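# Notes for the structure review
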Amino acid sequence: MIDPFGRDITYLRLSVTDRCNLRCFYCMAEEPELLAHSEVLGIEELIRVSRCFIRLGVTKLRITGGEPLVRNGIMDLVSAMGEDIARGRLRELTMTTNGLRLAKVADRLRAAGMRRVNVSLDTLDPDLFRRITRWGEVEQVLDGIAAAKEAGLKVKINTLLLKGINDRKIDALVAWAGAQGHDMTLIEAMPLGGLAGMPADQFLSVEDMRREMSTRWTLLPSDHVTGGPARYVTVAETGGTLGFITALSQCFCQSCNRVRMTCTGTVTWCLGQESSVELRELVRTDQHDEPIEQAILAGLAEKPRGHHFVVGADPVSIPASQCSRMNRMGG
Ligand code: SAM
Ligand code: SF4
């Protein structure tokens, strides 16, 4: 799948549910409007569409949400994609999770062919964790991470930088992740979900954070690359790898290789743009995969060159259609 700007699209982020067992304030309302079950693709439908993408050239699939581990039948999807790995059709199968249910399934994820998971964790402080997630217990996440490590899964910690909320607690996370042997990435908050319409001065750029951290840590240039938007350093004091993802302050669109599909079958080519393709009706009415694949390719022609998030204006601007909740789009 080569887009009009010559980018090879090989990475599908598949959201399997809009539901979650947490309510991170930047992502979901406390009582969100949830989709009717009939609107959400069934597991067999998700498997079918994923295989269309794989036939078209996707080699890496990340399962996300909402919280993927609360989705009924999630292990059937993981097993099916694991078969595609075993047959050499898919190179990598990963998941982004909040980690709450990881302890229960880590062994099975590994057995199905998964080798890495990303766990979102914004702080180690139990009170702050509860404030950010509205009711989460950080210990449960740490147990999940430990179980994943024990099962042989490589864990990456994803931390959203929240100005005035967790920015003073990042050092503790960096030290912990380094000691545990987990890579870590600091991610710039985006004007989406619970942060839609937020004034520009409420966002902390990871570049500023990196500059500030380098007064306390020795951040050595690293050649670690994952093909994603993160730029990495090695933290000399811990030996750990630390990545910085700048969504807003630096555009990484020129190397974008990804496509997203929501749990309702909406394919979006860019978080910051309006173009999308609806696959649900096709999946439900057509027995053949060819029309689905053709619709994907037709949509690919619309993949924009880059996003239009603007920081500096107040509030941060973003297309109205994308101001929906992050849990629907899949982070
Ligand atoms: N529930 C899973 C989790 O939390 O890892 C997967 C879905 S969640 C939507 C995926 C990622 O989106 C999380 O790492 C979260 O921090 C990120 N996210 C949510 N709202 C965001 C926002 N407004 N800006 C940037 N990232 C956001
Ligand atoms: Fe749930 Fe993940 Fe959104 Fe937090 S970021 S509310 S864990 S979907």
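This one's a predicted model, so the numbers in the text were calculated from it and none came from an experiment.

Phi is positive for R134, which is not a glycine, with a value near 80°. With respect to the element layout, R134 can be found in the loop between α4 (126–133) and α5 (138–151). The exposure class assigned to R134 is partly exposed, which follows from its relative accessible area of 30%.

Moving on: the side chain of T96. For T96, the position within the fold is in strand β3 (residues 92–97). By relative accessible area, T96 is classed as buried at 11%. At 3.2 Å, the side chain of T96 forms a polar contact with the side chain of R62. Excluding residues within four positions of it along the chain, T96 makes contact with R62, I63, T64, P68, N118 and S120.

Per the stated rule, a full pass over the model turns up one aromatic pair. On the numbers, 5.5 Å between centres and 70° between planes, the contact of F25 with Y26 is edge-to-face. Exposure remark for F25: the relative accessible area of 27% places this residue in the partly exposed category. Overall, the relative accessible area of 13% leaves Y26 in the buried class. One cation-aromatic arrangement involves K60 over Y11; the distance from NZ or CZ to the ring centre is 4.5 Å. For the cation-ring pair, R210 lies above F244, with the distance from its terminal atom to the ring centre recorded as 4.7 Å.

About the cut-offs
Residues numbered from 1 in each chain as written. Chains lettered and ligands numbered in written order. Predicted model: local features only at pLDDT ≥ 70, side-chain atom pairs only at ≥ 80, totals over all residues. Heavy atoms only, no water. Helix = DSSP H or I, 4+ residues; strand = E, 2+ residues; numbered from the N terminus. Buried < 20%, exposed > 50% of the residue type's maximum accessible area, 1.4 Å probe, protein only. Polar contact = N/O pair within 3.5 Å; in protein donor to acceptor, adjacent residues only side chain to side chain. Contact = heavy atoms within 4.5 Å. Phe/Tyr/Trp six-rings, centres within 6.5 Å; stacked < 30°, edge-to-face > 60°. Lys NZ or Arg CZ within 6 Å of the ring centre and 35° of its normal.

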